[in-house]
Amino acid sequence: MNDMKENDFEKFEALLQGKSYGELTPAEWKFVNQWVESEEEYQALRSSAQQTATWFKVNPVSAPRNEVLAKLRRTLKKEKHSRVVAFGVKPIWGYAATALLFGGLGWWIGQPASTPVQKPIVEQVLVRDTVYMTVKPDTIFVERVVYREHGILAKSPAKPEVQKDIRGVSMKEKEELDKLLVSGTE
Amino acid sequence: MQKIHQGSEAALTELYQRYGTSLLRYFTRMLWNDKSMAEDFLHDLFLKIIHSPQQFDVNRKFSTWVYSIAHNMCKNEYRKRENRILLNTPTLVKQDLDRELDLVSANDRLTLLLEILNEEDKTIFLLRYEDELTIQQISRIVLLPEGTVKSRLFYLRKHLAAELSQFKNVLKERSL
């Protein structure tokens, strides 16, 4: 089937349903002959199309029972309810449940995994009650406090030192002094 | 769909009223005219819509999406049935079928002819000639190129015409 025929299939169907072979115009007749080889074939196709249409009419399928819809509505209601419970239209209950959950979880995590087994603690305790000396010590150190008497000298209070005149060298004296230092003589 | 996601019963009812009958018709035809089974399928399909509305792509047409789900459900059922038949019952011999077809009236003959079509062909045929969907929509539902859908439809028409040609006179009487 070439592209042109594919695109015109709907047109061919429309002609098949609407017109008998004798009613076709020359252009339609030419068009129809791309699909069928003879008038007989066209009429057979047309008859089968009519027969099918009749068959659909005489064998109708009635609307579905209302029970199906009722059942579906109940399911939808349940679904909605479960969504409400899951996503919390009542936040207080939701928060309370979450807090409880986390509290329980925390308590459970805080619990030790198993009861610890108390291990016996073994300590080495040395108790020395008696010292036995097998050899006689050659030296014995004895600590003794020796008191020695010595006299206490009474000292007179020191005389205050007389402040000498510490007057400095005047400019005149300094000049003369410099001269003396340089020349070595007066 | 958003309203359904929010739990609106009115939205569900609206959707059900709009698509319920055509989907039930599709299921009934596809599932060997077993109406109770078709109703179960319809119920399951709407459950899928309720439980996972987020799967619906807003860029797609709703009818295309919902028929895609229906088509996949039928495909699974056909596969299950095929396995059961292979395991439990002898394969239907073509000669037996021909003998059976010879005995029935034109109407029943068409019923049988539609019943023995494979799942994909039946879907394409029903969606086009009963539910009157466009070729583009059908192509998106069955995930086949539009050209393939058109050629399948053409050959299905030819096949049915050939099978029904024996009842030419009966058909003429009915069409008059």
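Relevant structure appears above.
Residues numbered from 1 in each chain as written. Chains lettered and ligands numbered in written order. Predicted model: local features only at pLDDT ≥ 70, side-chain atom pairs only at ≥ 80, totals over all residues. Heavy atoms only, no water.

**Section: the packing of helix α7 (residues 119–129) of chain B against helix α9 (residues 146–164) of chain B**
Residues and elements named next belong to chain B.
- It is at 10 Å that the axes of α7 and α9 come closest, and there the two elements cross at 90 degrees. As the angle between them shows, α7 and α9 are arranged roughly perpendicular. Residues Glu120, Asp121, Ile124, Phe125, Arg128 and Tyr129 of α7 form the contact with α9, whose own contacting residues are Val149, Arg152, Leu153, Leu156, Arg157 and Leu160. (Axes fitted to C-alpha atoms, helices over the stretch in contact; angles between N-to-C directions. Helix = DSSP H or I, 4+ residues; strand = E, 2+ residues; numbered from the N terminus. Parallel < 35°, antiparallel > 145°, perpendicular 65-115°, else oblique. Contact = heavy atoms within 4.5 Å.)

**Looking at the packing of aromatic side chains**
- Under the criterion given, the structure shown has 17 aromatic pairs over all chains.
- Note on phenylalanine 12 of chain A and tryptophan 35 of chain A: the rings are 4.9 Å apart at their centroids and 15 degrees apart in plane angle, and the pair reads as stacked. Here the residue phenylalanine 12 of chain A occupies a position in helix α2 (residues 9–18), and tryptophan 35 of chain A occupies one in the loop between α3 (26–32) and α4 (39–58), the gap between them amounting to 23 residues. Of the two residues examined, phenylalanine 12 of chain A and tryptophan 35 of chain A, each falls in the buried class.
- A centroid spacing of 5.8 Å and a plane angle of 90 degrees characterise the contact between tyrosine 26 of chain B and tyrosine 67 of chain B, whose relative ring orientation is edge-to-face. You can see tyrosine 26 of chain B sitting in helix α2 (residues 9–30) and its partner tyrosine 67 of chain B sitting in helix α4 (residues 62–88), a full 41 residues away along the chain. You'll find tyrosine 26 of chain B and tyrosine 67 of chain B in the same group, each marked buried.
- One aromatic cluster is present, built from ring pairs that chain together Phe9, Phe12 and Trp35 of chain A together with Phe154 and Tyr155 of chain B.
- A cation over a ring is seen here: arginine 81 of chain B above tryptophan 32 of chain B, with NZ or CZ 4.0 Å from the ring centre. (Phe/Tyr/Trp six-rings, centres within 6.5 Å; stacked < 30°, edge-to-face > 60°. Buried < 20%, exposed > 50% of the residue type's maximum accessible area, 1.4 Å probe, protein only. Lys NZ or Arg CZ within 6 Å of the ring centre and 35° of its normal.)

**A few points about unusual backbone geometry**
All names here are of chain B.
- Phi angles above zero are rare outside glycine, and tryptophan 32 is one such case at about 55 degrees.
- Within the secondary structure, tryptophan 32 is located in the loop between α2 and α3 (35–51).
- Positive phi, normally seen in glycine, also occurs at asparagine 33, with a value near 60 degrees.
- Looking at the secondary structure, you find asparagine 33 in the loop between α2 and α3.

**Describing the interface of chain A and chain B**
- Listed as interface residues are 40 residues of chain A and, on the opposing side, 47 residues of chain B.
- Approximately 4200 Å² of surface area, both sides summed, lies buried where chain A meets chain B, with 64% of it carried by carbon and sulfur atoms.
- Contact with chain B buries surface across chain A, with Trp55, Val61 and Leu76 of chain A losing the most and accounting together for 17% of the total.
- Applying the counting rule to chain A against chain B returns six salt bridges.
- In this structure, the salt-bridge partner of lysine 150 of chain B is glutamate 10 of chain A, at a minimum N-O distance of 3.9 Å.
- For the pair chain A and chain B, the interface holds eight residue pairs in polar contact (both at pLDDT 80 or more).
- Elements supplying a minimum of two residues to the side of chain A that touches chain B: α1 (3–7), α2, α4 and α5 (66–87) of chain A.
- Looking at the side of chain A that touches chain B, the element that brings in the most residues is α4 of chain A, giving twelve residues.
- Among the residues making up the side of chain A that touches chain B, the classes are represented as 19 nonpolar, ten polar and eleven charged. (Buried area = accessible area lost by both parts, 1.4 Å probe. Salt bridge = Lys/Arg side-chain N within 4 Å of Asp/Glu carboxyl O. Polar contact = N/O pair within 3.5 Å; in protein donor to acceptor, adjacent residues only side chain to side chain. Nonpolar A, V, L, I, M, F, W, Y, C, P; charged D, E, K, R; others polar.)

**Regarding the side chain of glutamate 28 of chain A**
Residue and element names in this part refer to chain A.
- Locating glutamate 28 in the fold gives a position in helix α3.
- A relative accessible area of 17% means that glutamate 28 is categorised as buried.
- Beyond its immediate sequence surroundings of up to four residues, glutamate 28 is in contact with Leu15, Lys19 and Glu23.

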